[in-house]
Amino acid sequence: MRKVLISGAGIAGTTLAYWLRRHGFAPTVVERAPAPRVGGHAVDIRGTALGVVDRMGALGRLRELRTDMRGMSFVNGAGKTLAKVTDHTLTGGLTDSEDVEILRDDLTETLASVARDGVEYVYGDWVTGIAQRTDGVRVTFARGEARDFDLVVGADGQHSAVRSLVFGAEKQFSHHLDTYLAVFTVPNFLDLDRWQTFHMTPGKLAGLYSARNNTEARAMLGFQSPELDFDRHDLDQQRKLIADRFPGQGWEVPRLLREMTSSELYFDSMTQIRMDRFTEGRVALVGDAGYGPSPLSGQGTSLALVGAYVLAGSLTSSPDHRAAFALYEKEMRPFVRQNQALASLNQKKQTRFRQWKQIQSLRVLPYLPFRDRALKAAMRPLTEAANGLVLKDY
């Protein structure tokens, strides 16, 4: 059994651990957080990725946990409804599709529940050094003793430590998309029933959507900005940075800012990771670490699921890791390219006129005789990209 170290216990890392174990490998997952991470925004499983979780036996459970949104509305600063639709949402797309929108921690918990047996999990530690040899990899850790593995996989997200150690500094591969997003948990104080409400001003978006059967809500604060310099581990600094971007805002923004001070917080830039290769020697990258498309694409989760499945399958197809990594690159690169291109469709400067035009389009959409056709046409690039790879049987 080949020993594989996976850095990161998120969606990509947990899925990879499952498939490697199923194919007869001995995976070890190391995660910097002291326990499985909670919180985070709603994510989407679409197209080919649905096949991955179905083959894991998890699709039924994930459908039970889906957000099940009924629609969304846009309001002005006084809270007056400007537009309201029930056939699609900003975060999940079409409400009647087979896609699964689910809270990130519900997804990772479900994946972990099917990827426990035969997988070693090490929490509260992280990789600090990688020394490759012809016959293996020597890995040093911040807290644990050094260990030897046959292969190492970086599944540690946009700011991957494995990528930095093996491929070079993050700035070589990071492409900022001029937008930042904050997500945090708040009480469902608007009594939203499987509903999303948003308030837009030029270059800014504030939103709230219900979660966990309406018992709580997730708040979103997004803004457009050139790249900012801040400490990713200093939450107080991040909270101040966000609050400084929303002075004097209407609707429920003042309350959201107050709630943010006592809530867990996800905050980061909308950034794409673009690399010429996903592997180097005995080290591979999967998910956001190697080809994060950014939340603007709506496909980060699906790419992570599919990438993990393809990487594990490629390693099964060949006893030589070099040949297996070549298969992985060949299979994934067109799919990655197609899905990363989606972000550019949503990367538009949010001017007052563009936001007014968007609201007017939403207002008239329910009355159009060709409404369904128009919606499907608007979603076609996403649908085609999400289904751009056919899963092989490994």
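These numbers come from a predicted model, not from an experiment.

Along the backbone of the chain there are 13 helices and 20 strands. By the compact-globule yardstick of 21 Å for 394 residues, the chain fits well, its C-alpha radius of gyration being 21 Å. Each principal axis of the C-alpha atoms in the chain carries an extent, and together these give about 65 × 45 × 35 Å. Taking all 394 residues of the chain together, the buried fraction comes to 53%. A separation threshold of at least 6 residues defines the contact pool for the chain, and within that pool the share at least 24 residues apart is 71%. Put simply, the chain shows about 17700 Å² of open surface, and 49% of that area lies on carbon and sulfur atoms. In the chain, 50 side chains carry a positive charge and 45 a negative one; their mean positions are 5 Å apart.

Regions of empty space are outlined by a rolling probe, equal in size to a water molecule, passed over the atoms. Counted as a void, the second largest pocket has a volume near 260 Å³. Lining the second largest pocket are 14 residues; nearest its centre among them are Glu64, Leu65, Arg66, Arg212 and Asn213. Only α3 (59-65) and β16 (204-211) provide two or more residues apiece to the lining of the second largest pocket. Looking at the lining of the second largest pocket residue by residue, the class counts come to four nonpolar, four polar and six charged.

As a further point, take the packing of aromatic side chains. Within the structure shown, the criterion is met by 13 aromatic pairs. Each ring, one from Tyr180 and one from Phe267, has its centre 5.7 Å from the other, and the planes form 20 degrees; the classification is stacked. Taken as a pair, Tyr180 in strand β14 (residues 174-186) and Phe267 in strand β18 (residues 265-273) lie far apart in primary sequence, 87 residues in all. Each member of the pair, Tyr180 together with Phe267, is buried. Among the aromatic residues, ring-to-ring pairing joins Tyr180, Phe223, Phe230, Phe246 and Phe267 into one connected group. Between the NZ or CZ atom of Arg32 and the centre of the ring of Trp126, over which it lies, the distance is 4.0 Å. The lysine or arginine in question, Arg333, covers the ring of Phe278, its NZ or CZ lying 4.2 Å from the ring centre.

Pairing is antiparallel across the open sheet formed by three strands, whose spatial order is β10-β11-β12. Taken across any chain shown, the strands that pair with only one partner, and hence form the sheet edges, are β10 (127-133) and β12 (147-149). The average undirected angle you get between the axes of adjacent strands in this sheet is 25 degrees. Summarising the sheet, β10 and strand β11 (residues 136-141) pair through six bridges and their orientation is antiparallel. The residue of β11 that forms the bridge with Arg133 is Gly136.

Right, let's get into the UniProt feature "domain: FAD-binding" (unreviewed entry) in the chain. Feature annotation in UniProt places "domain: FAD-binding" (unreviewed entry) on residues 3-338, given in this structure's numbering. Helix makes up 30% of residues 3-338 and strand 32%, whereas the separation of the span's terminal C-alpha atoms amounts to 32 Å.

Evaluation of the coordinates by the stated rule reveals 25 salt bridges. Arg163 is paired through a salt bridge with Glu170; the nearest N and O atoms lie 3.6 Å apart. Its salt-bridge partner being Glu216, residue Arg212 comes within 3.3 Å of it at the nearest N-O pair. The exposure class of Arg212 is partly exposed, given its relative accessible area of 32%. Here the salt bridges share partners, and the residues they tie into one network are Asp105, Asp106, Arg212, Glu216 and Arg218.

Looking now at the environment of Tyr123. Structurally, Tyr123 is set in strand β9 (residues 120-123). Distance in space between the C-alpha atoms of Tyr123 and Arg70 is 37 Å, their sequence separation being 53 residues. With residues up to four places along the chain from it excluded, the contact list for Tyr123 reads Ala9, Glu31, Ala33, Pro34, Ala35 and Pro36.

Let's shift gears to the nonpolar core. With 70 residues, the main nonpolar core has Leu16, Ile45, Val286, Leu311 and Met332 as its most contacted residues. In terms of residue count, the dominant contributor to this core is helix α9 (residues 300-317) (ten residues). Apart from residues lying up to four places away in sequence, Leu16 is in contact with Ile6, Val153, Val286, Ala308, Leu311 and Ala312. Core analysis: the second largest hydrophobic core is formed by 25 residues, Val75, Phe189, Leu241 and Trp251 among them.

Rules and cut-offs
Residues numbered from 1 in each chain as written. Predicted model: local features only at pLDDT ≥ 70, side-chain atom pairs only at ≥ 80, totals over all residues. Heavy atoms only, no water. Helix = DSSP H or I, 4+ residues; strand = E, 2+ residues; numbered from the N terminus. Rg over C-alpha atoms; globule rule 2.2 N^0.38 Å. Buried < 20%, exposed > 50% of the residue type's maximum accessible area, 1.4 Å probe, protein only. Contact = heavy atoms within 4.5 Å. Areas by Shrake-Rupley, 256 points an atom, 1.4 Å probe, with all protein chains shown as cover. Lys, Arg positive; Asp, Glu negative; His and termini not counted. Charge placed at Lys NZ, Arg CZ, Asp CG, Glu CD. 1 Å grid on protein atoms, 1.4 Å probe; cavity = no way out; pocket = protein on both sides within 12 Å on 5 of 7 lines; lining within 4 Å. Points joined across faces, edges and corners; volume = space filled by probe spheres on them. Nonpolar A, V, L, I, M, F, W, Y, C, P; charged D, E, K, R; others polar. Phe/Tyr/Trp six-rings, centres within 6.5 Å; stacked < 30°, edge-to-face > 60°. Lys NZ or Arg CZ within 6 Å of the ring centre and 35° of its normal. Pairing = 2+ DSSP bridges. Axes fitted to C-alpha atoms, helices over the stretch in contact; angles between N-to-C directions. UniProt positions renumbered as here; feature names shortened; annotations may be inferred. Salt bridge = Lys/Arg side-chain N within 4 Å of Asp/Glu carboxyl O. Core = buried A, V, L, I, M, F, W, Y, C linked by side-chain atoms within 4.5 Å.

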